[in-house]
Structures are given as structure tokens and as C-alpha cells.
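Close look at the chain arrangement
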Amino acid sequence: MGLSTHVLDTMHGGPAAGMEVALYTTAGDAATLVKRFTLNADGRSDGPLYDNQSLKVGTYRLVFDVAGYFKARGVQLPEPNFLNKVSLDFGVAHADQHYHVPLLVSPWSYSTYRGS
């Protein structure tokens, strides 16, 4: 249980190792930084973003540095690039359940869903 994320690089066909991510709690237009982290070799954080005791009902934001990641991989991006940072706002209605927020991303598109 708790909160986790995973990013897959659909351009290169693998995990987005090294991507920078920030986690925020949100309340209306206000956002409070909880932590910044770098995805490991499997495209995941090294541990849960919140464990099952710490996750609370509320709203959250994950911000993924997509342009920084692809530039670091040597991808030639136009200026300005199409995607810079992908921000996903989501709600946790049941803190006793696991919330997994995967991101599938290329320099030109992304998709997400509530995973298990």
C-alpha cells in the first residue's frame, strides 16, 4: 500500500532511469514540496513515496522533468521543446489502498493511469 510511481521511456523502449521527479501535496492552487528524487535503473523511486501509514486522503502532484531526461539521453529537442515538465495532479480517496502512478512518455506524448 502507499504511493509509488514508475516511468517508462516509450521512445527508447525501457525504464526512464535518471529522470528527476518532484512530489507535492496540493490544496487548491497551493502546492507544498514533499521531496525530489531521481528514478533508479528500473525507472522507479528507491522506495515508496509514502508508505501505507503516511499516505493521507488528499490531493497530490507529481512533476516529471521530461525534457531534462531526454536531453540527458542525447535526444535533439526543438526549442522550445514540446514537453518540458509533465505535471500530474491526482487525488487519494482511500488511504488504505495502494496508489501507483505510472507514466509512459516520449518527447512528444505521455499517458498515465492508476496502476496497482
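Residues numbered from 1 in each chain as written. Predicted model: local features only at pLDDT ≥ 70, side-chain atom pairs only at ≥ 80, totals over all residues. Heavy atoms only, no water.

A closer look at the packing of aromatic side chains
To keep it simple, the criterion reads: Note on ring pairs: Phe, Tyr and Trp rings are taken, using the six-membered ring of Trp, and paired if centres are within 6.5 Å. Classes follow the plane angle, with under 30 degrees stacked, over 60 edge-to-face and the rest tilted. Strands here mean DSSP runs of E at least two residues long; helices mean DSSP runs of H or I at least four residues long; both are numbered from the N terminus. In this scheme, a residue with accessible area under 20% of its type's maximum is buried, one over 50% is exposed, and one in between is partly exposed, where area comes from a 1.4 Å probe on protein chains only. Counted as over-ring charges are cases with an Arg CZ or a Lys NZ within 6 Å of the ring centre that also lie within 35 degrees of the ring normal.
Evaluation of the coordinates by the stated rule reveals 3 aromatic pairs. With a centroid separation of 5.6 Å and 65 degrees between ring planes, the pair formed by Y50 and Y60 is classed as edge-to-face. With Y50 in the loop between β4 (30-38) and β5 (58-65) and Y60 in strand β5, this residue pair connects regions lying 10 residues apart in the sequence. The class of Y60 is buried, set by a relative accessible area of 4%. Members of the aromatic cluster, each reached through a chain of ring pairs, are Y50, Y60 and F90. Cation over ring: R114 sits above Y99, and NZ or CZ is 3.7 Å from the ring centre.

Comments concerning the nonpolar core
Our working definition: In plain words, nonpolar cores are sets of buried Ala, Val, Leu, Ile, Met, Phe, Trp, Tyr and Cys residues tied together by side-chain atoms within 4.5 Å. The contact criterion used throughout is that any non-hydrogen atoms of two residues lie within 4.5 Å.
With 29 residues, the main nonpolar core has L3, V7, M19, L62, F64 and V66 as its most contacted residues. Taken together, the elements giving at least two residues each to this core come down to β1 (2-9), β3 (20-27), β5, α1 (66-72), β6 (85-92) and β7 (98-105). The contact partners of V66, leaving out residues within four places of it in the chain, are M19, L83, N84, K85, V86, V105 and S106.

A look at the pairing of β4
Short version of the rule: A pair of strands is considered paired only if DSSP assigns at least 2 bridges between the two.
Both β3 and β4 contribute to a ladder of 8 bridges, which runs antiparallel. Following the sheet pairing, L23 is matched in β4 by K35. Between β3 and β4, which pair antiparallel one after the other, the connecting turn spans 2 residues, and G28 there sits at a positive phi close to 65 degrees.

A word on the sheet that holds β7
The 4 strands lie next to each other as β2-β1-β7-β8, forming an open sheet whose pairing is mixed. Each of the sheet's edge strands pairs with one partner strand only, and the pair in question is β2 (14-15) and β8 (110-112).

Focus on the environment of L49
Relative to the helices and strands, L49 is located in the loop between β4 and β5. Assessed through its relative accessible area of 4%, L49 is described here as buried. Residues L49 and G68, spaced 19 residues apart in sequence, show a C-alpha to C-alpha distance of 21 Å. With near-sequence residues (within four places) excluded, L49 lies in contact with L3, S4, T5, L23, K35, F37 and L62.

What to know about the pattern of salt bridges
Selection criterion: The working definition used for a salt bridge is a side-chain nitrogen of Lys or Arg within 4 Å of a carboxyl oxygen of Asp or Glu.
One pass over the full model with this rule turns up 4 salt bridges. Taking the shortest distance from any N to any O, the salt bridge between R61 and D89 comes out at 2.6 Å. Here D89 lies in strand β6 and R61 lies in strand β5, a separation of 28 residues in the sequence. On the accessibility criterion, D89 (51% relative accessible area) is exposed.

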